[in-house]
Number of protein chains: 2
Amino acid sequence: MLDNIDSIEVLGLIAACLTTYAFLPQVYKTWKTKDVSAFSLPTFSLFFVGIVFWLVYGILKESLSMILANTITLVSSFTLLVFIFKYRKR
Amino acid sequence: MLDNIDSIEVLGLIAACLTTYAFLPQVYKTWKTKDVSAFSLPTFSLFFVGIVFWLVYGILKESLSMILANTITLVSSFTLLVFIFKYRKR
């Protein structure tokens with residue numbers, strides 16, 4: 001798989017870094033403020049399931065950047081989903 | 001490009017539908033409530049730029065599902081970004 005790293009894959013890795021890193025400030029902010037009132041639960045649920053599919057797709061496509069990105073995004077989106085269930089007003 | 005639709009691509013299209021559709025309830029909720037206090041601006045900015053890179057990557061990889069998903073997600077994440085700038089407290 002590692003010999004697949006060409007110029008296209010470099011672009012994919014930049015994309016992977018950006019969309020993966022992107023979630024960290026949100027996880028940190030939500031962890032600190034416990035404010036989840038503005039979040040849409042359907043959005044974060046569907047997004048999480050979607051990322052599972054993207055990860056499988058990335059594995060089957062042997063795309064290193066997709067595998068890396070979606071594995072980490074799976075963890076951060078799951079964390080946000082846990083926060084939403086934990087901190088939402090019932 | 002269209003003859004590339006095989007079983008792997010079907011999986012990608014399901015992933016594309018899920019992560020693309022996922023943003024719509026959030027866009028609708030934010031449009032209605034105008035509540036963006038819980039959102040992290042760095043998250044949505046980095047995510048938007050990341051999606052631009054994923055779109056270019058999808059085009060170069062000739063991945064129909066990535067092109068479809070990232071084009072629509074580009075629009076919805078841009079909409080959310082506009083909402084955040086418009087409704088945040090200064």
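The structure reproduced in this document is the subject of the present report. This structure is a prediction, so every number in the text was calculated from the model and none was measured. (Residues numbered from 1 in each chain as written. Chains lettered and ligands numbered in written order. Predicted model: local features only at pLDDT ≥ 70, side-chain atom pairs only at ≥ 80, totals over all residues. Heavy atoms only, no water.)

1. Focus on the packing of aromatic side chains
Stage number 1. Taken as a whole, this structure holds 16 aromatic pairs over all chains when the rule is applied.
Stage number 2. Both rings, one in Phe 47 of chain A and one in Phe 47 of chain B, keep their centres 6.4 Å apart while their planes meet at 65°; by these two values the pair is edge-to-face. A residue pair is termed interchain when its members come from two chains, as with Phe 47 of chain A in helix α2 (residues 41–60) and Phe 47 of chain B in helix α2 (residues 41–60). Considered together, Phe 47 of chain A and Phe 47 of chain B belong to a single accessibility category, that of buried residues.
Stage number 3. Arranged with centres 5.5 Å apart and planes meeting at 75°, the rings of Trp 54 of chain A and Tyr 57 of chain A form a pair that is edge-to-face. Here Tyr 57 of chain A and Trp 54 of chain A lie together in helix α2, a separation of three residues that amounts to about one turn. Tyr 57 of chain A carries the same exposure label as Trp 54 of chain A, and that label is buried.
Stage number 4. Taken together, the ring pairs connect Phe 23 and Phe 47 of chain A together with Phe 23 and Phe 47 of chain B into an aromatic cluster. (Phe/Tyr/Trp six-rings, centres within 6.5 Å; stacked < 30°, edge-to-face > 60°. Helix = DSSP H or I, 4+ residues; strand = E, 2+ residues; numbered from the N terminus. Buried < 20%, exposed > 50% of the residue type's maximum accessible area, 1.4 Å probe, protein only.)

2. Considerations on the packing of α2 of chain A against helix α3 (residues 64–87) of chain A
Residue and element names in this part refer to chain A.
Stage number 1. At a minimum axis distance of 9 Å, the contact between α2 and α3 shows a crossing angle of 160°. The pairing of α2 with α3 is recorded here as roughly antiparallel in orientation. Seen along the crossing, α2 lies across α3 with a hand that is left-handed. On the side of α2, the interface is formed by Leu 41, Phe 44, Ser 45, Phe 47, Phe 48, Ile 51, Val 52, Trp 54, Leu 55, Tyr 57, Gly 58 and Ile 59, while α3 contributes Met 66, Ile 67, Asn 70, Thr 71, Thr 73, Leu 74, Ser 77, Phe 78, Leu 80, Leu 81, Ile 84 and Phe 85.
Stage number 2. Residues of the contact of α2 with α3, tallied by class, amount to 18 nonpolar, six polar and no charged. (Axes fitted to C-alpha atoms, helices over the stretch in contact; angles between N-to-C directions. Parallel < 35°, antiparallel > 145°, perpendicular 65-115°, else oblique. Left-handed = near helix turned anticlockwise from the far one by under 90°. Contact = heavy atoms within 4.5 Å. Nonpolar A, V, L, I, M, F, W, Y, C, P; charged D, E, K, R; others polar.)

3. A short note on the relation of the copies chain B and chain A
Stage number 1. Of the transformation placing chain B onto chain A, the axial shift is 0.0 Å and the rotation is 180°, giving an RMSD of 0.0 Å. Such a combination of rotation and displacement between the chain copies is what one expects of a two-fold axis. When C-alpha distances to the rotation axis are compared across chain B, the minimum falls at Ala 38 of chain B, with a value of 3.0 Å.
Stage number 2. By residue overlap, the copies meet face to face through one surface: 100% of the interface positions of chain B are interface positions in chain A. (Least-squares fit on C-alpha atoms with pLDDT ≥ 70 in both.)

4. Some points on the nonpolar core
Stage number 1. Of all hydrophobic cores here, the largest spans 46 residues; its most connected members are Trp 54 of chain A together with Trp 54 of chain B.
Stage number 2. Mapped by element, the contributors of at least two residues to this core are α1 (7–33), α2 and α3 of chain A together with α1 (7–33), α2 and α3 (64–87) of chain B. (Core = buried A, V, L, I, M, F, W, Y, C linked by side-chain atoms within 4.5 Å.)

5. Observations regarding the environment of Leu 74 of chain A
Stage number 1. With respect to the element layout, Leu 74 of chain A can be found in helix α3.
Stage number 2. Each residue touching Leu 74 of chain A, except ones within four places of it in the same chain, is listed here: Phe 48, Ile 51, Val 52 and Leu 55 of chain A.

6. Let's talk about the side chain of Asn 70 of chain B
All names here are of chain B.
Stage number 1. Following the sequence through the fold, Asn 70 ends up in helix α3.
Stage number 2. Overall, the relative accessible area of 8% leaves Asn 70 in the buried class.
Stage number 3. Of the polar contacts made by the side chain of Asn 70, one reaches the backbone oxygen of Met 66; its length is 2.8 Å.
Stage number 4. Contact partners of Asn 70, with chain neighbours within four places excluded, come to Ile 51, Trp 54 and Leu 55. (Polar contact = N/O pair within 3.5 Å; in protein donor to acceptor, adjacent residues only side chain to side chain.)

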